[in-house]
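Reading the structure
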Amino acid sequence: MKLHIYEHCPFCVRALMIFGLKKLPFEVSVIMEGDAETPTRMVGRKVVPILEKEDGTYMPESMDIVRYVDGLTGPRVTDAPVDERIQAWCESVSTPLFNLVIPRFTEGDFAELATPQARRAYTEREQNAFGDLDALRAQTPVLLTQVNAKLAELEPLVAGRQEIDTTDFILFPWLRSLTIVKGAAFGPQVSAYIERVSAQTQVALLSAQAK
């Protein structure tokens, strides 16, 4: 099987997580930013991740991929519903979180941004979606205050989490994205959670690129 992704994409992280957790062999193919033709040829639209199955068919949508791969070998980990408290937390933090990470993503060391043309295409796409990226970066102190307050609220919600289940495919990609932000105040419970899930799923964090 082959998984077509962007390295920075939190939705692609979901798909990477299940392969790493289940220790299944797969090939990673990075689609360059600005390349709309490749994903459109596969699934009819520009989207990632895309799973290329062994029979040559394609599957988009991150959680569909997660559940499909989860079913290939037991035991299943995605049968439980998402923890509503953590789902609500993710929704409440999404705007300031992505306002922090998007400007840093556009400057990041990712394979899909390996050419000037690809980086320019991605930057233009995100500017269209989020507005002036320099202005967003200038808001870092305010945004960090908001996000760090939310991270403090997350501490008791992850304190008892051990076995990976459906909820982690929602939460971990958000937190992994946030590791690219210098000054993100991960408390002891959240830090331990991030490191544990990263190790179990073999998905590397972005801490080395934090700025």
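Residues numbered from 1 in each chain as written. Predicted model: local features only at pLDDT ≥ 70, side-chain atom pairs only at ≥ 80, totals over all residues. Heavy atoms only, no water.

**Overview of helix H4 (residues 84-106)**
Given a rise of 1.5 Å per residue, 23 residues ought to cover 33 Å, and the 31 Å separating the end C-alpha atoms of H4 matches this to within 8%. The residue sitting at the N-terminus of H4 and contributing the capping side-chain oxygen is aspartate 83; that oxygen lies 2.8 Å from the backbone nitrogen of arginine 85. (Helix = DSSP H or I, 4+ residues; strand = E, 2+ residues; numbered from the N terminus. Expected span 1.5 Å × (residues − 1). Polar contact = N/O pair within 3.5 Å; in protein donor to acceptor, adjacent residues only side chain to side chain.)

**Re the nonpolar core**
With 60 residues, the main nonpolar core has Trp89, Val101, Phe169, Leu171, Leu175 and Leu178 as its most contacted residues. Only strand E1 (2-5), helix H1 (10-22), helix H3 (62-70), H4, helix H6 (133-138), helix H7 (140-158), helix H8 (166-178) and helix H9 (188-201) provide two or more residues apiece to this core. Here leucine 171 is in contact with Ile86, Trp89, Cys90, Leu154, Val158 and Tyr193, once residues within four sequence places are set aside. (Core = buried A, V, L, I, M, F, W, Y, C linked by side-chain atoms within 4.5 Å. Buried < 20%, exposed > 50% of the residue type's maximum accessible area, 1.4 Å probe, protein only. Contact = heavy atoms within 4.5 Å.)

**Remarks on the pattern of salt bridges**
This model, assessed by the stated rule, comprises 13 salt bridges. One salt bridge connects arginine 76 with aspartate 70, and the closest N-O pair in it is separated by 3.9 Å. Taking relative accessible area as the criterion, aspartate 70 reaches 0% and is therefore assigned buried. Three or more residues joined by partner-sharing salt bridges are found here, namely Lys22, Asp70, Arg76 and Asp79. (Salt bridge = Lys/Arg side-chain N within 4 Å of Asp/Glu carboxyl O.)

**Re H8**
At phenylalanine 172, H8 is bent by approximately 25°, the largest bend along its length, and proline proline 173 sits one to four residues beyond. The buried count for H8 comes to 13 of 13 residues, which makes it a mostly enclosed element. With a side-chain oxygen lying 3.0 Å from the backbone nitrogen of threonine 167, the N-terminal cap of H8 falls on aspartate 165. (Bend = angle between axes of the 7 residues up to and from the residue.)

**Details of the environment of threonine 145**
When you line up the elements, threonine 145 lands in helix H7. In the structure, threonine 145 is positioned 38 residues away from glycine 183 in sequence and 9.6 Å away in space, judged by C-alpha atoms. A distance of 3.0 Å separates the side chain of threonine 145 from the backbone oxygen of proline 141, its partner in a polar contact.

**Brief notes about the UniProt feature "domain: GST N-terminal" (unreviewed entry) in the protein chain**
Mapped onto this structure's residue numbering, the UniProt feature "domain: GST N-terminal" (unreviewed entry) falls at residues 1-77. Spanning residues 1-77, this segment combines 38% helix with 18% strand, and its end C-alpha atoms are found 20 Å apart. (UniProt positions renumbered as here; feature names shortened; annotations may be inferred.)

**Digging into the packing of aromatic side chains**
Per the stated rule, a full pass over the model turns up four aromatic pairs. Aromatic pair phenylalanine 11 and tryptophan 174: ring centres 5.8 Å apart, planes at 85°, arrangement edge-to-face. Of the two residues, phenylalanine 11 is situated in helix H1 and tryptophan 174 in helix H8; the sequence distance between them amounts to 163 residues. Looking at tryptophan 174, the relative accessible area reads 11%, which means it is buried. With centroids separated by 5.1 Å and ring planes inclined at 85°, the aromatic side chains of phenylalanine 98 and tryptophan 174 adopt a geometry described as edge-to-face. Placement of the pair is phenylalanine 98 in helix H4 and tryptophan 174 in helix H8, with a sequence separation of 76 residues. What makes phenylalanine 98 buried here is its relative accessible area of 13%. Ring-pair connections join several aromatic residues into one group, and the members of that group are Phe11, Phe98 and Trp174. Lying across the ring of tyrosine 68, lysine 53 places its NZ or CZ 4.3 Å from the centre. (Phe/Tyr/Trp six-rings, centres within 6.5 Å; stacked < 30°, edge-to-face > 60°. Lys NZ or Arg CZ within 6 Å of the ring centre and 35° of its normal.)

**Considering the pairing of strand E2 (residues 27-30)**
When E1 meets E2, the two strands line up parallel, connected through four bridges. If you follow lysine 2 over to E2, its bridge partner there is glutamate 27. Handedness of the crossover is the feature at issue here: the chain leaves E1, passes through H1, returns alongside E2, and the resulting connection is right-handed. (Pairing = 2+ DSSP bridges. Right-handed = clockwise from strand over helix to strand, strands pointing away.)

**Description of the packing of H4 against H8**
Their axes nearest at 9 Å, the elements H4 and H8 cross at an angle of 30°. In this view, H4 runs roughly parallel relative to H8, as classed from their interaxial angle. Remark: the crossing between H4 and H8 carries left-handed chirality. Of H8, the residues touching H4 (which contributes Ile86, Gln87, Trp89, Cys90, Val93, Ser94, Leu97, Phe98, Leu100, Val101 and Phe105) are Thr167, Ile170, Leu171, Trp174, Leu175, Ser177 and Leu178. Taken together, the residues of the contact of H4 with H8 break down into 14 nonpolar, four polar and no charged. (Axes fitted to C-alpha atoms, helices over the stretch in contact; angles between N-to-C directions. Parallel < 35°, antiparallel > 145°, perpendicular 65-115°, else oblique. Left-handed = near helix turned anticlockwise from the far one by under 90°. Nonpolar A, V, L, I, M, F, W, Y, C, P; charged D, E, K, R; others polar.)

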